[in-house]
Amino acid sequence: MTEDFGNSTVPVIAIDGPSGAGKGTIGRRLAEELGFAFLDSGALYRLSALAATHHGISLEDEESIGTLAAHLDVQFRSNPENGDGLILLEGEDVTHAIRTEACGLAASKVAALPSVRQALLERQWAFREAPGLVADGRDMGSVVFPDAPLKVYLTATAEARAQRRYNQLLEKGGTVKIDEILSDITQRDEQDQQRTVAPLRALPDAVLIDTTDMNIDQVIDKLTSLCQERLGIAT
Ligand code: C5P
């Protein structure tokens, strides 16, 4: 399994890009339309950071967080009440707790630790099951699934990404300031692009899609036609 990046006969659509580019929303919808599984790799880094906090481990203690990440007790389930995704960490519902900006920043810190990235590889490969996988992250096309037949780099200006996140948080009834969101996004972009292991970057073999002036339906249309062209898969 190690050399094959999981089950190499199963097609992967790798979607990478900076935070807030819409990878999660779009990736989930695409997976649903194709009948593929979906991997939210960012959730694994968020869970590692949250587990470290719960256990009182410093975010700089690479050895302990690496061990924690290798043995994360996580269950991805469906909420019986509404069918939404439910994430349990050591039996506790952390579906919302991992989505805060603070947890995103902490995730970005632990994601810079090589032993954490290594520890999460096999867990990510296990998502590669027939008939296919849509994988969302920062290094899906470069490290985790370099053999993916379709790689996409989804991006948008930092301002557009901050505005979208702001709207999402407002909808959920939160009280947030857009300039704080923009500053968190910029800080996370820098951390993700400048780290030495698996830095975020657009690969030469990825299709670059700038979603600044596109709505979700337009991005999905673009992706489904790419799937048809590159993989011969129709939705
Ligand atoms: O995608 P999401 O915002 O949930 O990711 C949280 C953080 O996890 C990112 O800022 C990034 O540092 C890290 N991450 C990563 N590699 C991935 C997915 C996420 O380094 N494949």
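Structure first, text after, so check above.
Residues numbered from 1 in each chain as written. Predicted model: local features only at pLDDT ≥ 70, side-chain atom pairs only at ≥ 80, totals over all residues. Heavy atoms only, no water.

Caption draft 1: Up close: the site of the ligand. Around the ligand lies a shell of 15 residues, among which Arg46, Arg117, Asp139, Asp192 and Arg195 are the nearest. Within the side chain of Ser41, one N or O atom sits 2.9 Å away from a nitrogen atom of the ligand. In this structure, Asp192 approaches the ligand through a side-chain N or O atom, which is 2.6 Å from an oxygen atom. Top contributing element to the shell around the ligand by residue count: helix α2 (residues 41–54), with 4 residues. Of the residues that constitute the shell around the ligand, the class distribution is 4 nonpolar, 4 polar and 7 charged. (Near = heavy atom within 4 Å. Polar contact = N/O pair within 3.5 Å; in protein donor to acceptor, adjacent residues only side chain to side chain. Helix = DSSP H or I, 4+ residues; strand = E, 2+ residues; numbered from the N terminus. Nonpolar A, V, L, I, M, F, W, Y, C, P; charged D, E, K, R; others polar.)

Caption draft 2: A look at the side chain of Asn79. Relative to the assigned elements, Asn79 resides in the loop between β3 (74–78) and β4 (85–89). For Asn79, a relative accessible area of 17% puts it in the buried group. Here the side chain of Asn79 touches Glu81 through a polar contact of 2.9 Å, landing on its backbone nitrogen. When near neighbours in sequence (up to four residues on either side) are disregarded, Asn79 contacts Asp84 and Leu86. (Buried < 20%, exposed > 50% of the residue type's maximum accessible area, 1.4 Å probe, protein only. Contact = heavy atoms within 4.5 Å.)

Caption draft 3: Main features of the sheet that holds β4. Read from one edge of the open sheet, 3 strands run β3-β4-β5, paired in antiparallel fashion. Looking at the sheet topology across the chains shown, the edges are occupied by β3 and β5 (92–93). As paired strands, β4 and β5 are joined by 2 bridges and run antiparallel to one another. Among the inter-strand pairings, Leu88 is bridged to a residue of β5, identified as Asp93. Taken strand by strand, α2 contacts β3, β4 and β5, and its axis lies near 35° from that of β4. (Pairing = 2+ DSSP bridges. Axes fitted to C-alpha atoms, helices over the stretch in contact; angles between N-to-C directions.)

Caption draft 4: Examining the packing of helix α4 (residues 101–110) against helix α8 (residues 178–194) more closely. The N-to-C vectors of α4 and α8 enclose an angle of 15°; their axes lie 9 Å apart at closest approach. On the basis of the axis angle, α4 is roughly parallel to α8. Regarding α4 and α8, the two cross each other, and that crossing is left-handed. Across the interface between the two elements, Glu101, Gly104, Leu105, Ser108 and Lys109 of α4 pack against Asp184, Gln187, Arg188, Gln191 and Asp192 of α8. For the contact of α4 with α8, the per-class residue count stands at 1 nonpolar, 4 polar and 5 charged. (Parallel < 35°, antiparallel > 145°, perpendicular 65-115°, else oblique. Left-handed = near helix turned anticlockwise from the far one by under 90°.)

Fair warning: the whole summary comes from geometry, so function is off the table for now.
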